[in-house]
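Results of the structural survey
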Amino acid sequence: MSCFLVLLVLFLVPCFRKTIGYYTLVVGVAAAFSLPVLLVFFDENFVTWCFNYITANDVKIQLFFHWSACCLASVVIVYVNASPYLVKLSSSVKDSNSKHRKSDGRHVSTTVRKQFHFLAMVVLLPGLLLDAEMLFVAASCAFVVLVMLESLRVLRVAPFGEKLHEYLQVFIDDRDEGIVILTHIYLLVGCSSPLWLHHNSTVHVALYSGFLSLGIGDTVASLAGSAFGQHRWPDTKKTVEGTLCSVLAQLIFVFLLDMTGVTEIMWAKCLTAVLLGSLLEAFTTQIDNLLLPMFMYLLLI
């Protein structure tokens, strides 16, 4: 809620969009609203609660360091893949009419962007298998962080805003037409939405909807289609071979879940969800990072 309060004030009061005003607003909202609310909710200091929660057992500690390493890996992926494009862009004439406009149409390929889908798999799977509740909390915190970083980028708030813009603009696709880059936020929301919506404490295969549809299905379809796809579905760039590989990869993972006894598998539901979800991925023109997990979740729940 605090995050959206900050965004609302930024939208309504232009003076807070400058560097000093921005940080004043963030600190003010945190001190006057967020921390008191969290104190009432957790009945103790939020920082103390976080420390106690993370160190409650060995599994939580291991997940914390694993996810910290994944965060570092994401920074490295952005830097390594964006740097060559930034060199090209720096040598071209920049459009000075709009600081929000895409630069020169030079962006990484879809295959490169799928690295973040793979990273999402690495983040999600240990949490789903070991501590879904902690994954719920971590995903919620990550959402707030990504939204605030995007506000920094859009407003070019020093000292990080301009650099964030330079590096992230390389990863935008044709769906990021406005001044806001939402693809990475859509990916997080899509992967996390089954967790956020599932209130039952029992482990259910529906919790894996984001992992299956995006981490495995969408990624395998893209990579396989790019590698050896020959036959395209009507009126789309997606290939039949990519879709078939996507279905196979997802069913293999479901089979492993069944064999290891992680969760009870209803094969009729799973087969229907995987087949229809893979076809939806092939034909949809909507935001698949949001649509595919929710579609599969509704079929599996």
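Residues numbered from 1 in each chain as written. Predicted model: local features only at pLDDT ≥ 70, side-chain atom pairs only at ≥ 80, totals over all residues. Heavy atoms only, no water.

From N to C terminus, the protein includes 12 helices and 0 strands. When the helices and strands of the protein are placed in sequence order, the string is α-α-α-α-α-α-α-α-α-α-α-α. Buried residues in the protein amount to 38% of all 301 residues. Long-range pairs, those at least 24 residues apart, make up 71% of the contacts in the protein with a sequence separation of at least 6. Entry remark: accessible area of the protein is about 16,500 Å², with carbon and sulfur atoms responsible for 70%. (Helix = DSSP H or I, 4+ residues; strand = E, 2+ residues; numbered from the N terminus. Buried < 20%, exposed > 50% of the residue type's maximum accessible area, 1.4 Å probe, protein only. Contact = heavy atoms within 4.5 Å. Areas by Shrake-Rupley, 256 points an atom, 1.4 Å probe, with all protein chains shown as cover.)

Its 24 residues place the ends of helix 2 (residues 19-42) 32 Å apart at the C-alpha level, agreeing with the 34 Å of an ideal helix rising 1.5 Å per residue. Most pronounced at Ala 30, the bend in helix 2 amounts to some 40°. Restricting attention to buried positions, one finds in helix 2 the residues Gly 21, Tyr 22, Leu 25, Val 29 and Ser 34. Elements in contact with the buried residues of helix 2: helix 1 (2-12) and helix 6 (132-155). Asp 43 sits one or two residues past helix 2 and shows a positive phi near 60°. (Expected span 1.5 Å × (residues − 1). Bend = angle between axes of the 7 residues up to and from the residue.)

A few words on the packing of aromatic side chains. Counted under the stated rule, the structure contains 10 aromatic pairs. Ring plane angle 15° and centroid distance 6.1 Å describe the contact between Phe 46 and Trp 49, whose orientation is recorded as stacked. Pair noted here: Phe 46 and Trp 49 are both in helix 3 (residues 46-54), with a separation of 3 residues, about one helical turn. Given the relative accessible area of 25%, Phe 46 is considered partly exposed. Between the aromatic rings of Phe 211 and Phe 253, the centroid separation amounts to 4.8 Å while the plane-to-plane angle is 40°, which identifies the pairing as tilted. Of this pair, Phe 211 sits in helix 9 (residues 209-228) while Phe 253 is found in helix 10 (residues 240-260), placing the two residues 42 residues apart along the sequence. Ring pairs connect the aromatic residues Phe 4, Phe 143 and Trp 196, which therefore count as one cluster. For the cation-ring pair, Lys 60 lies above Tyr 53, with the distance from its terminal atom to the ring centre recorded as 4.9 Å. (Phe/Tyr/Trp six-rings, centres within 6.5 Å; stacked < 30°, edge-to-face > 60°. Lys NZ or Arg CZ within 6 Å of the ring centre and 35° of its normal.)

Quick look at the nonpolar core now. Of all hydrophobic cores here, the largest spans 43 residues; its most connected members are Leu 128, Phe 171, Tyr 208, Phe 211, Leu 212, Phe 253 and Leu 300. The leading source of residues in this core is helix 5 (residues 110-130), at 7 residues. Other than its neighbours up to four places away in sequence, Tyr 208 contacts Leu 125, Leu 128, Leu 129, Val 203, Phe 253, Leu 257 and Val 262. Leu 10, Tyr 22, Val 157 and Ile 185 belong to the second-largest nonpolar core, a separate cluster that totals 13 residues. (Core = buried A, V, L, I, M, F, W, Y, C linked by side-chain atoms within 4.5 Å.)

Our next topic: empty space enclosed by the protein. Summed over all chains, the structure comprises 1 cavity of 30 Å³ or more. By volume, the largest cavity amounts to about 40 Å³. Around the largest cavity, the lining residues are Ser 213, Gly 217, Asp 218, Ser 246, Gln 250, Gly 277, Ser 278, Glu 281 and Leu 292. Of all the elements in the fold, those that place two or more residues in the lining of the largest cavity are helix 9, helix 10 and helix 11 (267-283). Within the lining of the largest cavity, the residues separate by chemical class into 1 nonpolar, 6 polar and 2 charged. (1 Å grid on protein atoms, 1.4 Å probe; cavity = no way out; pocket = protein on both sides within 12 Å on 5 of 7 lines; lining within 4 Å. Points joined across faces, edges and corners; volume = space filled by probe spheres on them. Nonpolar A, V, L, I, M, F, W, Y, C, P; charged D, E, K, R; others polar.)

Right, let's get into the confidence of the model for the protein. In this model, the protein carries an average pLDDT of 86, and 90% of its residues clear a pLDDT of 70 or more. Model confidence for the protein, summarised as mean pLDDT per element, is weakest for helix 4 (residues 58-90) at 85 and strongest for helix 10 at 95. Below pLDDT 50 for its whole length, residues 93-105 participates in 18 contacts with residues either more than four positions away or in separate chains. (pLDDT = per-residue confidence, 0-100.)

Below, the discussion takes up the side chain of Asn 81. Tracing the sequence through the fold places Asn 81 in helix 4. Of the polar contacts made by the side chain of Asn 81, one reaches the backbone oxygen of Ile 77; its length is 2.8 Å. (Polar contact = N/O pair within 3.5 Å; in protein donor to acceptor, adjacent residues only side chain to side chain.)

Together, Leu 248, Ile 252, Phe 255, Leu 256, Met 259 and Trp 267 give the surface a local cluster of nonpolar side chains, amounting to about 610 Å² of exposed area. Take the nonpolar patch: its biggest share by element is 5 residues, from helix 10. As for its position among the elements, Leu 248 is in helix 10. (Patch = residues over 30% accessible without salt bridge, like charges linked within 9 Å, V, L, I, M, F, W, Y side chains within 5 Å. Salt bridge = Lys/Arg side-chain N within 4 Å of Asp/Glu carboxyl O.)

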